[in-house]
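# Summary of the model geometry
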Amino acid sequence: MKIRSYYWILLMCMVMGFILAMQFRVTRDMQITPDLDRPIALAQELYQARKSRDQLQARVDELRNQLDNAVTGPELSRLKEELDEARQEAGMKEVQGAGVEVTLNDSNKVLQPGENPNFFVLHDGDVLRVLNELKAAGAKAISLNGQRIISTTEVRCIGPTILVNKNQRLSPPFIISAVGNPETLSNSLTMKNGVVDYLQFWSIQVDVKKVDKLVVPAYTGDLVFDYAKPKI
Amino acid sequence: MPQKTSMYVSIMLVAAVLGLMLSVQFRAVNHASNGISIDRAQELTVELKQINKEKEDLSIEISDLTFKLNQIKQGQTEAISALQSELNKVRMNAGLITVSGPGIELVLDKPDTNTGDTQISPELMIIQDEYLLSALNELWGAGAEAISINGQRIIATTEVRQAGSFININLNRVVPPYQILAIGNPQELMDTLGITGGLQEYWRDLGIKVSLEKHDDLTLPAYGKK
């Protein structure tokens, strides 16, 4: 009887030892996970960084304006014209004109059991397809939710939002404005087996609207190259 | 009988400690499940890094513009050179100037047709415009500064569009193998394509021949010139 009870206690001690060890490990792992304060602190820092980014951006806009206004004399005016042309090509000028407005949004389809909801969500690839189709149809200038699409623009899905021009976060609905011949642009999107057909297969909401007057804003960011050098 | 009592007492004691530990453990694990914040923290850190990079670039832009403004005020010749330099910068951004720098070379080629591997249908093995578009998107996202495909510089209005069995870029017909040159941080550009589950793996699974190399000095043509 006495020996049996010692066995019990031995067993209990072993179980307790095991639990203690596990507890210890869990507690230690927890220190690696950042606690709730950290994301909040980061979010605040991000907010500050965004604010000072906007201030710097405003300063750049102002300096570009000053530079343009400082130009006098015929020789400089000629250069200024070339500069304006180059800016047009680079997407640094606002463009107005007729065109199309494409509105994209996630599917509102009620999913059947077993269907993958991911298939019915708008992906960055879908936006790229629409942009590409518009470019192929001769769009002069394109913007996505007010962000000008330039050569280096990337479209990245982060959760339900899209990130373009490095860190401009956009949320649905996504409105693509393209200046160009409205007829050509809209036909290229809505042709049979075209992009609209493809997107509607996944019941993604697409709406193509011809518009008489559109404004596509300018790209105003920096023009800094860290790696590329002009070749003379 | 006293022995039995002492045994019950000791078991009760052990059970009480065990219960306490269980509840502490439970609370600890519960607390740890707030660890979803690790994603959030990561996301925020990435965003913060990019904003700080943009701030840095904007500051460079500001000092550059300030310098040029001062030059313009100094006199005619200085003003001309300041404007000329601004013009070159904008042209470079528009892709109107030949550029060189370090970067990567990515080549995509059709799979050999006679391998007898019938698992993948032949339509999938054609390199579609989509593959090139997603490659471009990934590379821009990783900070590429200039890209060309088969000698066609990619600019704001460049399309990459399937037209039958070939692809049109800048209204020029290009055929495989597709050679994509990108200037930027070579390591970052490599990494964005090469990560597990990334595009390189996807293309290889489709049977497309992929080669990815770093280069110290690449030259990309200007838009509109061969």
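Keep in mind the model is a prediction, meaning the values are calculated, not measured. Residues take numbers from 1 onward in each chain, read along the sequence in its written order. By the order in which they are written, chains take letters starting at A while ligands take numbers starting at 1. Where local features are concerned, this predicted model is filtered to residues with pLDDT of at least 70; where side-chain atom pairs are given and counted, the filter is 80 or more; whole-chain, interface and lining totals use all residues.

Strands here mean DSSP runs of E at least two residues long; helices mean DSSP runs of H or I at least four residues long; both are numbered from the N terminus. For chain A, the count of helices and strands is six helices and nine strands. This radius of gyration counts C-alpha atoms alone. The globule rule is 2.2 Å times how many residues there are, raised to the power 0.38. Its C-alpha atoms give chain A a radius of gyration of 28 Å, clearly above 17 Å, the size a compact globule of 232 residues would have. Burial is judged by counting other C-beta atoms within 10 Å of a residue's own C-beta: 20 or more means buried, 12 or fewer means exposed, and anything between counts as partly exposed, with every C-beta placed from the backbone. Per-residue burial for chain A yields a buried fraction of 28% across its 232 residues. For the purpose of contact definition, each residue receives a C-beta atom placed from its backbone, and two residues are in contact when these atoms lie within 7 Å. In chain A, 74% of the contacts between residues at least 6 apart in sequence involve partners at least 24 apart.

Helix and strand content of chain B: seven helices and eight strands. Within chain B, the fraction of its 226 residues that count as buried is 32%.

Contacts between the two partners involve 69 residues from chain A and, on the opposite side, 80 residues from chain B. Broken down by element, the side of chain A that touches chain B gets its largest block of residues, 18 residues, from helix α2 (residues 37-69) of chain A. Three residue categories are used. Nonpolar comprises Ala, Val, Leu, Ile, Met, Phe, Trp, Tyr, Cys and Pro, charged comprises Asp, Glu, Lys and Arg, and polar comprises the others, including Gly. Split by residue class, the side of chain A that touches chain B holds 35 nonpolar, 15 polar and 19 charged. A pair of strands is treated as paired once DSSP finds two or more bridges between them. Looking at chain direction, strand β9 (residues 229-230) of chain A and strand β1 (residues 99-109) of chain B are connected through two bridges and run antiparallel. Note on β1(B): the bridge partner recorded for A:P230 is B:V99.

Here helix α3 (residues 74-90) of chain A contains 17 residues, and its C-alpha end-to-end distance of 24 Å stays within 8% of the 24 Å for a straight helix at 1.5 Å per residue. Burial in α3(A) covers these residues: A:L83, A:A86, A:R87, A:E89 and A:A90. Buried residues in α3(A), looked at end-on, bunch into an arc of 155°, giving them a common side. When the buried face of α3(A) is taken as reference, the exposed residues oriented beyond 90 degrees from it are A:P74, A:S77 and A:E81. For α3(A), the elements touching its buried residues are α3 (76-94) of chain B. Phi for A:G91, located one or two positions after α3(A), is positive at around 80°. How far a helix is expected to stretch is found by multiplying one less than its residue total by 1.5 Å. The arc in question is the one spanned by the directions pointing from the helix axis to the C-beta atoms.

Moving on: the sheet that holds strand β2 (residues 141-144) of chain A. All names here are of chain A. With respect to topology, five strands assemble into an open sheet ordered β3-β2-β7-β1-β8, the strand pairing being antiparallel. With partners counted over all chains shown, the strands left at the sheet margins are β3 (147-148) and β8 (205-216), one partner each. Here four bridges tie β2 to strand β7 (residues 174-179), and the two strands are oriented antiparallel to one another. Within the sheet, the bridge partner assigned to A141 lies in β7 and is V179. Contacts from helix α4 (residues 124-136) reach β1 (95-105), β2 and β7, with the element oriented near 10° to β7. Every axis corresponds to a line fitted to the C-alpha atoms, with the helix fit spanning only the stretch in contact, and the corresponding angles, defined between N-to-C directions, vary from 0 to 180 degrees.

Turning to the sheet that holds strand β6 (residues 168-170) of chain A, a few remarks are in order. Residue and element names in this part refer to chain A. Read across the sheet, three strands follow the order β4-β5-β6 without closing on themselves; strand pairing throughout is antiparallel. The open sheet terminates on both sides in strands that have one partner only, identified here as β4 (155-158) and β6. Across this sheet, the average inter-strand angle for adjacent strands is 30°, counted without regard to direction. Relative to β6, strand β5 (residues 161-164) is paired through three bridges, and the arrangement is antiparallel. Its bridge partner lying in β6, L163 is registered against R169. Of the strands in this sheet, β4 and β5 touch α4, which is tilted by about 155° from β4.

Attention shifts here to the pairing of β4(A). Residue and element names in this part refer to chain A. In this structure, β4 lies alongside β5, joined through four bridges in antiparallel fashion. By the bridge assignment for β5, R156 is matched with L163. Hairpin connection, β4 to β5: the antiparallel pair is bridged by two residues, and G159 has positive phi, about 55°.

A few words on the domain arrangement of chain B. Delimitation of the domains relies on an automatic or database domain assignment. Domains assigned within chain B are domain 1 (39-94) and domain 2 (99-220). Taking only C-alpha atoms, the centre of domain 1 of chain B and the centre of domain 2 of chain B are 30 Å apart.

Moving on, we get to the environment of A:P113. Along the chain, A:P113 falls in the loop between β1 and α4. A C-alpha to C-alpha distance of 58 Å links A:P113 and A:K231, two positions 118 residues apart in sequence.

Right, let's get into the packing of α4(A) against helix α5 (residues 129-141) of chain B. Remark: α4(A) packs on α5(B), axes separated minimally by 11 Å, with the N-to-C direction vectors making an angle of 110°. Classified by the angle their axes make, α4(A) and α5(B) are roughly perpendicular. Residues A:D124, A:G125, A:L128 and A:N132 of α4(A) pack against B:L133, B:S134 and B:N137 of α5(B). Here the contact of α4(A) with α5(B) is built from residues that sort into two nonpolar, four polar and one charged. For classification purposes, angles smaller than 35 degrees are called roughly parallel, those larger than 145 roughly antiparallel, those between 65 and 115 roughly perpendicular, and all remaining angles oblique.

Attention now moves to the confidence of the model for chain B. Predicted coordinates in regions of low pLDDT should not be interpreted in detail. Per-residue confidence for chain B gives a mean pLDDT of 83; residues scoring 70 or more make up 87%. Complex prediction metrics read pTM 0.75 and ipTM 0.74. What pLDDT reports is the predictor's confidence in each residue, on a scale of 0 through 100.

Turning next to the packing of α4(A) against helix α5 (residues 182-190) of chain A. Residue and element names in this part refer to chain A. Where α4 contacts α5, the axes come no closer than 9 Å and their chain directions differ by 135°. In terms of orientation, α4 and α5 fall into the oblique class. The two elements α4 and α5 cross, and the hand of that crossing is right-handed. Contacts between α4 and α5 pair V130, E133, L134 and A136 from the former with L185, S188 and L189 from the latter. For the contact of α4 with α5, the residue count by class is five nonpolar, one polar and one charged. Definitions for this section: a left-handed crossing has its near helix turned counterclockwise from the far helix by less than a right angle. A right-handed crossing has that turn clockwise.

Here the focus is unusual backbone geometry. Following A:P172, the chain continues into A:P173 via a peptide bond in cis, with omega recorded as 0°. Within the secondary structure, A:P173 sits in the loop between β6 and β7. With an omega of 0°, the peptide bond between B:P176 and B:P177 qualifies as cis. Summarising the element assignment, B:P177 is placed in the loop between β6 (172-174) and β7 (178-183). Although it is not a glycine, B:N170 adopts a positive phi angle of roughly 50°. By the secondary structure assignment, B:N170 is in the loop between β5 (166-169) and β6.

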